Each structure stands twice: as structure tokens, then as C-alpha cells.
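Coordinate inspection notes
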Amino acid sequence: MNNTAKIKKNYHFIKFQKLVIVSLLIGFLSAFLGVILKNTTEYYEEIFFHQTIVNPIFFVVFPVFGLSVIYFLREYLFKKKENKGIKEVFESTNSQSKNLPSYKITSHFINGLLTVVFGGSTGIEVSTVVASATIGSVAQRKQNVFRQYKTELICAGVAAGITALFSSPIAGILFSLEVISRKVTRAFVLTNLIAVSIAFGLIYLLDEKPLFAVQSITWHVRAIPYFIILGIIAGINSVYLTRCVLFFKEQFSKIKVPYFKIIFGSVILSISLFVFPQLYGEGYHAIKTIFINPNDMVLSLSLVLTFIGIIVLKPIVTSVTLAAGGDGGVFAPSLFIGAFLGLLVALILNKYFNANVIPINFIIIGMAAVLSASIHAPFTAIFLVCGLTNDYTLFLPILMVCLISKYTAKMIYPFTVYSYSPSLAK
């Protein structure tokens with residue numbers, strides 16, 4: 001009896017050791033992939049975007065070229081399979097037999113990079129999530145002892161990837177929990193904590209800076225009613241984004257000739273980018289510009305029309321990018337829409353209602369609110385945006401507004417682009 005207990009104890013200890021080691025590897029590889037993809041995308045997106053400003057003809061050339069290259073890569077290199085985004089991760093975690101094939105690491109990395117660099121109006125976040133989830137999926141297939149921890153190891157890869165992108169380990173774990181796993185086990189806690197610790201250590205060693213260098217000085221209780229208004233409007237806008245993505249994907253699926261999709265999508269994208277260059281790529285370059293002295297902005301008719309045009313068109317060009325074959329998701333578009341929406345609301349409140357609110361606060365809160373409502377993950381949105389700005393001054397109002405925006409969106413439309421399926425909608 002003692003020998004049996006001893007053998008069982010040794011087996012569990014060895015299994016624990018292996019789980020720790022594989023979590024370390026997943027964390028490092030996923031974070032390394034995320035850092036490389038983020039920095040490479042930022043570097044080349046800036047170069048290509050500058051070329052479009054100097055020579056506007058590239059607003060026409062880049063989208064059609066980028067989508068065409070992605071199509072040919074999928075057709076001849078990546079087994080003719082379309083990328084389904086995070087739904088691929090759901091399919092894998094919900095099934096013992098379905099696994100994420102290893103080529104998805106390179107396919108999502110390359111296609112995500114090409115989509116954004118050549119003007120596709122989305123972001124690399126979902127590409128990173130699927131690629132890092134695949135790292136976890138491949139790892140769990142290496143030994144039988146890991147098979148029972150399939151979801152946990154996939155989530156560890158996802159959490160490390162998100163940590164690398166947004167410099168927030170808490171956001172990484174919460175995204176894995178709120179969106180992917182939706183349950184906590186001891187193995188989930190162990191693997192994800194190890195993975196994000198390694199990821200955070202890597203970005204610390206590499207001296208990765210927050211994406212937006214801003215600082216919120218304070219916020220006032222009298223602004224709470226205005227925060228509530230922003231939360232409701234953000235929830236409505238997130239539903240508009242979700243419905244746009246679903247609508248355009250359905251419409252483009254009816255086009256049977258792949259290159260017609262590319263041409264049609266490129267035309268819409270090119271015209272939109274020509275009118276509003278802020279829509280190019282992830283749009284983080286545009287967000288950085290509005291973080292520069294937003295208090296000094298003077299509300300005018302042209303500014304209002306520009307902001308409304310950007311807010312209305314962004315979901316359309318994002319949807320068209322994805323429907324025409326681009327790789328990405330709604331992370332970056334949600335942050336982009338939220339930033340411009342928050343600033344527009346603040347400027348209107350100050351000009352017409354003498355609210356005297358702080359515009360930079362509304363930019364930050366708007367980003368979190370739209371993201372929260374778009375993916376139905378308020379706590380992920382809170383820590384992700386706080387990590388992006390490296391500032392937690394607005395934690396409480398962000399928490400309130402994220403919850404309001406999420407439940408506003410759910411009341412209007414219960415699905416996200418991740419959770420929607422035609423069978424559930426009937």
C-alpha cells in the first residue's frame with residue numbers, strides 16, 4: 001500500500017514538473033512571437049503609411065496587393081484553408097479530436113502582418129492569439145500526460161501572447177478566462193501564471209514601452225453621469241461593429257470568385273483610406289495624434305463630421321478587410337472607435353453642456369468601453385487599456401463604464417463576433 005502511494009505521488013510530481021516546464025516554454029515562445037509580430041508590424045506599417053501620405057496612389061495599390069498576396073499564400077502554401085480567427089481556438093478547446101495545426105503559427109503571423117502593413121483596417125491581436133494558442137496546442141500533443149490539459153495549455157499560450165502585446169499579464173489571464181476557457185482549474189492557474197510571468201519578464205528585459213504614453217491626472221465624481229452616457233453609446237457602437245462584421249462576411253461569402261472579393265473589398269478600402277487616412281492599418285498612429293493635447297481641440301463642424309465619418313466607417317472597412325480575406329479581429333478596431341468616440345463625446349459635452357470634463361479621460365475610458373462591449377469581457381478590457389497607457393488612475397470609472405457598455409450591448413444583441421453562429425441566432 002505504501003509503495004503504491006509512493007509511486008502515485010512520484011507520478012504526480014513528475015507530471016507537475018513537466019507541466020511547469022511546458023508552461024515555461026509556451027510562455028516564452030508565445031511572448032517572443034507576440035513581440036516580434038508587434039514590433040515588425042509597427043515598423044513596416046509606419047513606413048508604408050508614410051508612403052501613402054506622400055503618394056496617395058498607394059491607397060489603391062497597397063490594399064489590393066496585400067489581399068492578393070494573402071490569398072495566394074493561403075491557396076498555395078497554407079493548404080487552401082481560410083483562417084476563422086478565434087473561432088478556431090473555440091473549436092479546438094471544445095473538442096478532443098480537433099486540434100490547431102502547427103502551420104497556423106506561421107499563417108496567422110504572416111497574414112496578420114501583411115493585412116495591417118498594407119492598410120487592412122484591423123489589428124494583429126487575433127492573429128497573435130491564434131498563433132500563440134497553436135503553440136499551446138502543439139505542446140499538449142507532444143506527450144500523453146498533457147492531453148487532459150489541452151484547454152489550459154492553449155490558454156497559457158493566449159495569455160502570454162496578450163501579455164506581450166499589451167504589457168499586461170492580468171489582461172492576458174483574464175482574456176483567457178473570460179473569452180476562451182470560461183472556467184478556472186488548478187492547472188489553468190498554474191500554467192497561465194507561469195506563462196504570463198515569463199512573458200512579462202521577456203518584455204521587461206526587452207524594455208518594451210507602453211503603446212500610449214499618457215497620464216491621467218485625476219477624475220471627478222461629478223463626471224459619473226457623463227461616464228454613464230459614454231458607456232451606453234459605446235455599447236451601441238460595439239453592436240454596430242459586430243453586426244457590420246457579420247453582415248459583410250455573409251455578403252462576401254456569396255461571391256464565389258475569390259478575386260472578385262479581393263477587388264470589391266480593395267475598392268471599398270481604398271476609397272475609405274483616401275478620404276480618412278486615419279483608418280489605415282491598426283489605427284494606433286491616429287490614436288496617438290489625438291492623445292496630443294486633446295484639451296486644446298476646438299469643436300468645429302469639420303471636426304465633428306470627420307470624427308463621425310471615422311466612427312461610422314471604421315466598422316465597415318474592418319468588416320470588408322476581414323470578409324475580403326484579411327487576417328485580424330475586432331481588438332484594435334474597438335480601441336480605435338472607442339478613442340475617437342470618447343473624445344467626440346467629451347468635446348460635445350464641454351461645448352454645448354458646459355460639462356468641463358477631461359477629454360483625455362474620455363479617450364481612455366472610451367477605448368475600454370467599446371472593447372468590453374465588443375468581446376463581452378469587461379475585466380480584460382479594464383486591465384488591457386490600463387496596461388496600454390501604464391496608468392490605473394481611471395480604474396474605477398473604467399470598471400463602471402465597461403460593465404455598462406457590455407450589458408447595453410448584450411441587451412441589444414446577445415452575440416459577439418466570437419460567439420455568433422447561425423444556429424444560435426435562430
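Every value quoted in this text rests on a predicted model; they were computed, and no experiment measured them.

Here we take up the pattern of salt bridges. Pairing between side chains of opposite charge can happen when their charged atoms approach one another. Inspection of the entire model under this criterion finds four salt bridges. For Glu208, the salt bridge identified is with Lys38, shortest N-O distance 3.2 Å. Taken as a pair, Glu208 in the loop between helix H8 (186-205) and helix H9 (224-253) and Lys38 in helix H1 (residues 2-54) lie far apart in primary sequence, 170 residues in all. The same class applies to Glu208 as to Lys38, namely buried.

Assigned domains within the protein chain: domain 1 (3-206) and domain 2 (221-424). Using C-alpha coordinates to define each centre, domain 1 is positioned 23 Å away from domain 2. If you look at the interface, domain 1 gives 46 residues, while domain 2 gives 44 residues. The junction of domain 1 with domain 2 conceals about 3,800 Å² of combined surface from both sides, 63% of it contributed by carbon and sulfur atoms.

Right, let's get into the environment of Met367. Looking at the secondary structure, you find Met367 in helix H14 (residues 359-375). Distance in space between the C-alpha atoms of Met367 and Pro378 is 11 Å, their sequence separation being eleven residues. Setting aside anything within four residues of it in sequence, one finds Met367 in contact with Phe212, Ile287, Phe291, Ser334, Leu335, Gly338, Ala339, Val385 and Leu388.

This brings us to the packing of aromatic side chains. Taken as a whole and assessed by the stated rule, the structure comprises 25 aromatic pairs. Between the aromatic rings of Tyr71 and Phe72, the centroid separation amounts to 5.2 Å while the plane-to-plane angle is 65°, which identifies the pairing as edge-to-face. Note on Phe72: relative accessible area 41%, which makes it partly exposed. Seen in terms of ring centroids, Phe72 and Tyr76 are 6.1 Å apart; in terms of plane orientation they differ by 10°. Their pairing is stacked. Taken as a pair, Phe72 and Tyr76 lie in helix H2 (residues 58-76) at a separation of four residues, close to a single helical turn. Take Tyr76: its relative accessible area is 65%, and that puts it in the exposed class. An aromatic cluster is defined as three or more aromatic residues linked by ring pairs; in this entry it consists of Phe48, Phe58, Phe62, Phe65 and Phe118. One cation-aromatic arrangement involves Arg182 over Phe90; the distance from NZ or CZ to the ring centre is 5.9 Å. Sitting over the face of the ring of Phe336, Lys314 holds its NZ or CZ atom 4.6 Å from the ring centroid.

Cut-offs used in this document
- Residues numbered from 1 in each chain as written.
- Predicted model: local features only at pLDDT ≥ 70, side-chain atom pairs only at ≥ 80, totals over all residues.
- Heavy atoms only, no water.
- Salt bridge = Lys/Arg side-chain N within 4 Å of Asp/Glu carboxyl O.
- Helix = DSSP H or I, 4+ residues; strand = E, 2+ residues; numbered from the N terminus.
- Buried < 20%, exposed > 50% of the residue type's maximum accessible area, 1.4 Å probe, protein only.
- Domains from an automatic or database assignment.
- Contact = heavy atoms within 4.5 Å.
- Buried area = accessible area lost by both parts, 1.4 Å probe.
- Phe/Tyr/Trp six-rings, centres within 6.5 Å; stacked < 30°, edge-to-face > 60°.
- Lys NZ or Arg CZ within 6 Å of the ring centre and 35° of its normal.

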